[in-house]
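# Coordinate inspection notes
The primary structure of each chain is shown beneath.
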Amino acid sequence: MKRALLLLPLAVFLVGAVFLYRGLFLDPSELPSALIGKPVPEFSLPAVEGHKTLTRADLLGKPALLNVWATWCISCRVEHPVLNKLAQQGVRVYGVNYKDENAAALKWLKEFHNPYQLNINDAEGSLGLNLGVYGAPETFLIDSKGIIRHKFVGVIDEVVWREQLAGLYQALVDEAAQ
Amino acid sequence: MKRWLAALALGLSLVGVAQAAIDTYEFANEAERERFRELTLELRCPKCQNQDIADSNAPIAADLRKEIFRMLGEGKSNEQIVDFMVDRYGEFVRYKPAVTARTWLLWFGPAAALGTGFLVMVVIGVRRRKTVAGPDTTLSGDEQARLDALLSAEQNPNSVPADKLSQ
């Protein structure tokens, strides 16, 4: 009994060491979204292209990626070709043009091709705020009922898509088909 | 002299940096200004994680300050404003997390560790004092017999040689 007690400090140290070791490989910039499992917030904002007003109802029906982007966002440029490719493969991508000039956004879409089924012009960042966006690019996975199911912060590249998002998206598609 | 001038120039150039996060808001009264200060110090910037939103120059922090100012103007309570932020950015944005089952360890862990350490020290102290003050004084039958033999030997030194007692 006494012997076992002598090992206690070692045990405490080991538990602490395991936690600290794990901490070395955590990415502190990755925040869990507070909105997972909640519906996309209500909004009423103009479209980037044309004069239509878009609301939450326009996002319903099919699972999709809701991609927050801007022309001032350098990494969005890296992400854009990947989104183009995904759109070509039939993945639905909706855009939120976050705190941006509409003219610049239109030019960007013309130059780099437009992967977005629809594009919300969130010049004031109000939708972004309600979505808990704190940078761009951020991408939400929403299901056919407009519920946010997953959030990815940062650039979606081929690896991220293949290893993290494709499966989740496919699950939502399957779910919607049932 | 030159060094002092350089230091002064550097200092002056930093003044601009230090003031960059100050926006100009017109508050209705002093209490509101104080609440704004309190709230922006208590909420954490989601982008630059080791700064509160009062301190941060990130655009998102400016947006959040603007939002807090707007909500103060609407007469929202501090609690409502903090809840608004937590709903969007998660529990993460609070420098003072709510006391829930998940945060018990965070809130009470240090005090519990201190308490445990203190308790261990007290226990060790009490035990040590016991050994110093009162060593075991009861003798087994064997020991008692030897003691008797020794005592009787002392009374008649010639009867038993001392070295034979030690066996």
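Refer to the preceding data block for the structure.
Described in the following lines is the structure provided in the data block. (Residues numbered from 1 in each chain as written. Chains lettered and ligands numbered in written order. Predicted model: local features only at pLDDT ≥ 70, side-chain atom pairs only at ≥ 80, totals over all residues. Heavy atoms only, no water.)

### Thoughts on the overall build of chain A
For clarity, the threshold we go by: Helix numbers and strand numbers start at the N terminus; a helix is a DSSP run of H or I with at least 4 residues, a strand a run of E with at least 2. Think of it in three bands: residues with accessible area under 20% of the maximum for their type are buried, residues over 50% are exposed, and the middle band is partly exposed, with areas taken using a 1.4 Å probe on protein chains only. Here, two residues are considered to be in contact whenever any of their heavy atoms come within 4.5 Å of each other. Note on areas: Shrake-Rupley with a 1.4 Å probe; residue coverage comes only from the protein chains shown.
Secondary structure assignment for chain A yields six helices and seven strands. In sequence order, the secondary structure elements of chain A are arranged as α-α-β-β-β-α-β-α-β-α-β-β-α. Within chain A, buried positions represent 42% of all 178 residues. Within chain A, counting contacts between residues at least 6 apart in sequence, those at least 24 apart form 72% of the total. When the accessible surface of chain A is summed, it comes to about 9,900 Å², and 62% of that surface belongs to carbon and sulfur atoms.

### Here we look at the interface of chain B and chain A
Often, the extent of an interface is quoted as the loss of accessible area upon association of its parts. Stated formally: Using a 1.4 Å probe, buried area is obtained as the accessible area two parts lose upon being combined, added over both of them. Whenever Lys or Arg places a side-chain nitrogen within 4 Å of a carboxyl oxygen from Asp or Glu, that contact is recorded as a salt bridge. Gly falls in the polar group here, along with every residue not listed as nonpolar (Ala, Val, Leu, Ile, Met, Phe, Trp, Tyr, Cys, Pro) or charged (Asp, Glu, Lys, Arg).
Every contact between the two is made by 16 residues of chain B and, on the other side, 17 residues of chain A. Regarding the contact of chain B and chain A, the summed buried area is about 1,200 Å², with carbon and sulfur atoms giving 53% of it. Inspection of the region where chain B meets chain A yields one salt bridge. The partner of K99 of chain A in a salt bridge is D63 of chain B, and the shortest N-O contact between them spans 2.4 Å. Its residues assigned to classes, the side of chain B that touches chain A comprises eight nonpolar, two polar and six charged.

### Let's talk about helix α6 (residues 158-177) of chain A
Residues and elements named next belong to chain A. Applicable threshold: Two axes are fitted around each residue, one to the seven residues ending there and one to the seven starting there, and the angle between them is reported as the bend at that residue.
When the local axis directions of α6 are compared, the greatest deviation, roughly 55°, occurs at L165. Listing the buried residues of α6 in full gives V160, W161, L165, Y169 and L172. Buried residues along α6 sit against β3 (64-69), α3 (74-88), β6 (138-142) and β7 (148-153).

### Remarks on the pairing of β7 of chain A
To be explicit about the condition: Only strands joined by at least two bridges in the DSSP assignment are considered to pair.
Across five bridges, β6 of chain A lies against β7 of chain A in antiparallel orientation. By the bridge assignment for β7 of chain A, T139 of chain A is matched with F152 of chain A.

### Overview of the packing of α3 of chain A against helix α4 (residues 102-112) of chain A
Each pair of packed helices can be described by the angle between their axes along with the distance between the axes. Residue and element names in this part refer to chain A. Put simply, the rule is: Between N-to-C directions, angles cover 0 to 180 degrees, with each direction set by a line fitted to C-alpha atoms, over the stretch in contact for helices. In what follows, roughly perpendicular refers to angles from 65 to 115 degrees, roughly parallel to angles under 35, roughly antiparallel to angles over 145, and oblique to any angle outside these ranges. It is the rotation of the near helix from the far one that decides the hand of a crossing: anticlockwise by less than a right angle makes it left-handed, clockwise makes it right-handed.
Packing of α3 against α4 brings their axes to within 11 Å, and their N-to-C directions diverge by 50°. In this view, α3 runs oblique relative to α4, as classed from their interaxial angle. In terms of crossing hand, the pair formed by α3 and α4 is right-handed. Along the contact surface, α3 presents C76, R77, H80 and N84, while α4 presents W108, L109 and F112. Class assignment of the residues belonging to the contact of α3 with α4 gives a composition of four nonpolar, two polar and one charged.

### Examining the environment of V133 of chain A
When you line up the elements, V133 of chain A lands in the loop between α5 (126-130) and β6. Between the alpha carbons of V133 of chain A and V68 of chain A there is a distance of 8.1 Å; along the sequence they are 65 residues apart. Beyond its immediate chain neighbours, meaning those up to four positions away, V133 of chain A contacts V68, Y98, G128, E138 and F140 of chain A together with I60 and Y89 of chain B.

### As for a nonpolar patch on the surface
Let me state the cut-off plainly: Here a patch means residues that are over 30% exposed by relative accessible area and free of salt bridges, tied together within 9 Å if like-charged and within 5 Å if nonpolar (Val, Leu, Ile, Met, Phe, Trp, Tyr).
Together, V99, W104, L106, W107 and F108 of chain B line one region of the surface with nonpolar side chains, adding up to about 560 Å² of accessible area. Here V99 of chain B lies in the loop between α4 (78-89) and α5 (104-133).

### Remarks on the sheet that holds β6 of chain A
All names here are of chain A. Strands sit in the order β5-β4-β3-β6-β7 across an open sheet of five strands; the sheet is mixed. Two strands in the sheet have a free side with no partner beyond their single neighbour: β5 (118-122) and β7. Within the sheet, the average angular offset between the axes of one strand and its neighbour, ignoring direction, is 20°. Inspection of the sheet shows strand β4 (residues 93-98) paired to β5 by five bridges, in the parallel sense. Residue pairing for β5: V96 is matched across the bridge by I120.

### Concerning the packing of aromatic side chains
The following threshold applies: Working definition: rings of Phe, Tyr and Trp (its six-membered ring) pair if their centres are within 6.5 Å, and the pair is stacked with planes under 30 degrees apart, edge-to-face with planes over 60 apart, and tilted otherwise. Charges are assigned to positions over rings by a cutoff of 6 Å between ring centre and Lys NZ or Arg CZ, combined with an angular limit of 35 degrees from the ring normal.
In the structure shown here, the tally under the stated rule is eleven aromatic pairs over all chains. For the pair Y25 of chain B and F36 of chain B, a centre-to-centre distance of 5.4 Å together with 65° between the ring planes defines the contact as edge-to-face. Highlighted residues: Y25 of chain B in the loop between α1 (2-19) and α2 (30-42) and F36 of chain B in helix α2, separated in sequence by eleven residues. With a centroid separation of 4.5 Å and an interplanar angle of 20°, the aromatic rings of Y25 of chain B and F69 of chain B are classed as stacked. Of this pair, Y25 of chain B sits in the loop between α1 and α2 while F69 of chain B is found in helix α3 (residues 59-73), placing the two residues 44 residues apart along the sequence. Pairwise contacts between aromatic rings join W69, W108, F112 and Y116 of chain A into one cluster. Across from the ring centre of F84 of chain B, 3.7 Å away, lies the NZ or CZ of R88 of chain B, which sits over that ring.

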